Structure formats: C-alpha cells, structure tokens
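As a plain string of letters, each chain reads:
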Amino acid sequence: MGQYSIPAFNEFIDEMHEHFAKGLPEVEQWEGVRPLLRKLISDDALLEASKGWERKKGREYILHHDPEYDFFVGALVREPKHTAMAHDHGPTWTIYGVLDGQEVTHVYERTDDGSKEGYAELELKVRSDAPAGTVDIVPPHIPHAENGNSPRSVAITVRTTKPGSYDQVMFNLETGKTGTSRGLVLVPLAI
Ligand SMILES: [Fe+2]
C-alpha cells in the first residue's frame, strides 16, 4: 500500500525512487522520467480523478513533494483558451505530461547576447501540438509557453524541486522586456 489512493500514482513514485537511486548524470536522469510519466498519464483512474480538479488560472496543485529526492509532482488545470506568457523555469528541469485535453507547446531560442538588463529577444523555434499522452522535457533556462487548445486541459508536472524557491524569467514577446516570477500559487491536492 502506498500513501495515495490511485495505484498508478503510488507506482509512479516508487519507480521515481528506483530511478533516482541510480544517481545518473543530470540529463540522463531527467530524460529517464519521460517513460515513467508517459505511463502515469495513460492511467484511467488518474484521468477520472482529474475531471474533478477545479480549474483555476494561476494555480498549481501539489500532488507530491519528495522527502528523499526533493522532486515535485504537480498538476495544472487549464482554462479555455489559456495562454501562458513565455517563461523559463530558472535552474530547474520540468517533465510535462498532458493528461487530458489538448495543448500547444512553444519553445523559443534567445537571439540577443543577454548584455541588456531586463531585456531579451526570442525567436520561436518549435510549435508543437500536445494532445493528451504527450510528454515534453523542459531543461533549465529554456524559454517556452504551454497553451491550452481545448475547453479544458490537465497537465502533470515533474520538477526538480517545489516551485517558489527559485526565480523564473518571464518574457514579453512584444516589448522584449523581462521580469522574474516565483511561479504559481501552490495548492495541496489529495489524490
Ligand atoms: Fe513552463
């Protein structure tokens, strides 16, 4: 028996522990989360449970914050026509799996030399459809935006650590202005 009511979620946490116990190099470690998360988001019981999660802008649900390895598992429930400002996740990794609905992912590349404080030029590199079942990897400091493309979408995030403890850069694509954020409002959710 694990600590959660959804068996696939307990299994996921067990598999994450086994995976992190290997002490792999950073890139390999995070790429190795992809198949684990892909399996988790194919689970019908998790999908069923997620239908009851309240949809609210600016909120991220806390599903698990690991006491041993510090990784964080969250959930985002997107509103209709949700558009995210381009942003990065600072020094942390995020493995991002779409559990329900449809999203569109944009990945940008910085084209200026970073010498001007509070300013950045970004170029769109990839725009990809992200239907349910898609898992994207967002390495540290990569500007991107995940937008909703259906009336409601749900994503599961697996992060290096709990958000709020590091600065994220927010990019205004029109003016080039940048700012920092400490992320979304975190709300515990029992699953
Ligand atoms: Fe993001």
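Please refer to the structure higher up on the page.
Structural notes, computed from the coordinates. (Residues numbered from 1 in each chain as written. Predicted model: local features only at pLDDT ≥ 70, side-chain atom pairs only at ≥ 80, totals over all residues.)

## A few points about the nonpolar core
Okay, so step 1: Counting 30 residues, the largest nonpolar core has L37, L40, A75, I95, L99, A155 and I156 as its most contacted members.
Okay, so step 2: Secondary structure elements with two or more residues in this core: α1 (7-21), α3 (33-40), β1 (59-65), β2 (72-78), β4 (94-100), β7 (135-138) and β9 (153-159).
Okay, so step 3: Excluding residues within four positions of it along the chain, L37 makes contact with I95, G97, V135, I156 and V158. (Core = buried A, V, L, I, M, F, W, Y, C linked by C-beta atoms within 7 Å. Buried ≥ 20, exposed ≤ 12 C-beta atoms within 10 Å, placed from the backbone. Helix = DSSP H or I, 4+ residues; strand = E, 2+ residues; numbered from the N terminus. Contact = placed C-beta atoms within 7 Å.)

## Description of the environment of Y96
Okay, so step 1: By the element assignment, Y96 lies in strand β4.
Okay, so step 2: Separated by 46 residues in the primary sequence, Y96 and I142 have C-alpha atoms spaced 14 Å apart.

## Focus: the pairing of strand β10 (residues 168-171)
Okay, so step 1: Pairing between strand β3 (residues 86-87) and β10: 2 bridges, direction antiparallel. If you follow H87 over to β10, its bridge partner there is M170.
Okay, so step 2: Taking the residues that link successive antiparallel strands as the turn, the β10-strand β11 (residues 178-181) hairpin has 6 residues, and the phi of G176 there is positive, at about 85°. (Pairing = 2+ DSSP bridges.)

## Describing the environment of G118
Okay, so step 1: Within the secondary structure layout, G118 lies in the loop between β5 (102-110) and β6 (122-131).
Okay, so step 2: Linking G118 and M170, residues 52 residues apart in sequence, is a C-alpha distance of 10.0 Å.
Okay, so step 3: With sequence-adjacent residues up to four places away left out, G118 is seen in contact with K177 and T178.

## Regarding unusual backbone geometry
Okay, so step 1: Despite not being glycine, K81 shows a phi value in the positive range, around 55°.
Okay, so step 2: As for its placement among the helices and strands, K81 is situated in the loop between β2 and β3.
Okay, so step 3: Using a count of 10 C-beta atoms within 10 Å as the deciding quantity, one classes K81 as exposed.
Okay, so step 4: Its identity is not glycine, yet H141 carries a phi of approximately 65°, on the positive side.
Okay, so step 5: With respect to the element layout, H141 can be found in the loop between β7 and β8 (144-148).
Okay, so step 6: Look at H141 and you get partly exposed, because 13 C-beta atoms sit within 10 Å.

## A few points about the environment of H87
Okay, so step 1: With respect to the helices, strands and loops of the structure, H87 is situated in strand β3.
Okay, so step 2: If we ignore the near neighbours within four places in the chain, the residues touching H87 are P143, A145, Q168, V169, M170, F171 and S181.

## A look at the sheet that holds β7
Okay, so step 1: Across the sheet, 6 strands lie side by side as β7-β4-β9-β2-β1-β12; this open sheet has mixed pairing. Edge positions in the open sheet fall to β7 and β12 (185-188), since each of these has one partner strand only. Taking each pair of neighbouring strands and ignoring which way they run, the sheet shows an average axis angle of 30°.
Okay, so step 2: Strand contacts of α3: β4, β7 and β9, with the helix running at about 20° to β4, the strand carrying the most contacts. (Axes fitted to C-alpha atoms, helices over the stretch in contact; angles between N-to-C directions.)

## Quick look at α3
Okay, so step 1: Here α3 has its buried residues at V33, L36, L37 and L40. Down the axis of α3, the buried set is contained in an arc of 95°. They therefore lie on one face.
Okay, so step 2: Contacts made by the buried residues of α3 are with α1, α2 (26-31), α4 (44-50), β4, β7 and β9. (Arc of directions from axis to C-beta.)

## Considerations on the pairing of β11
Okay, so step 1: Across 4 bridges, β10 lies against β11 in antiparallel orientation. Bridged to F171 within β11 is T178.

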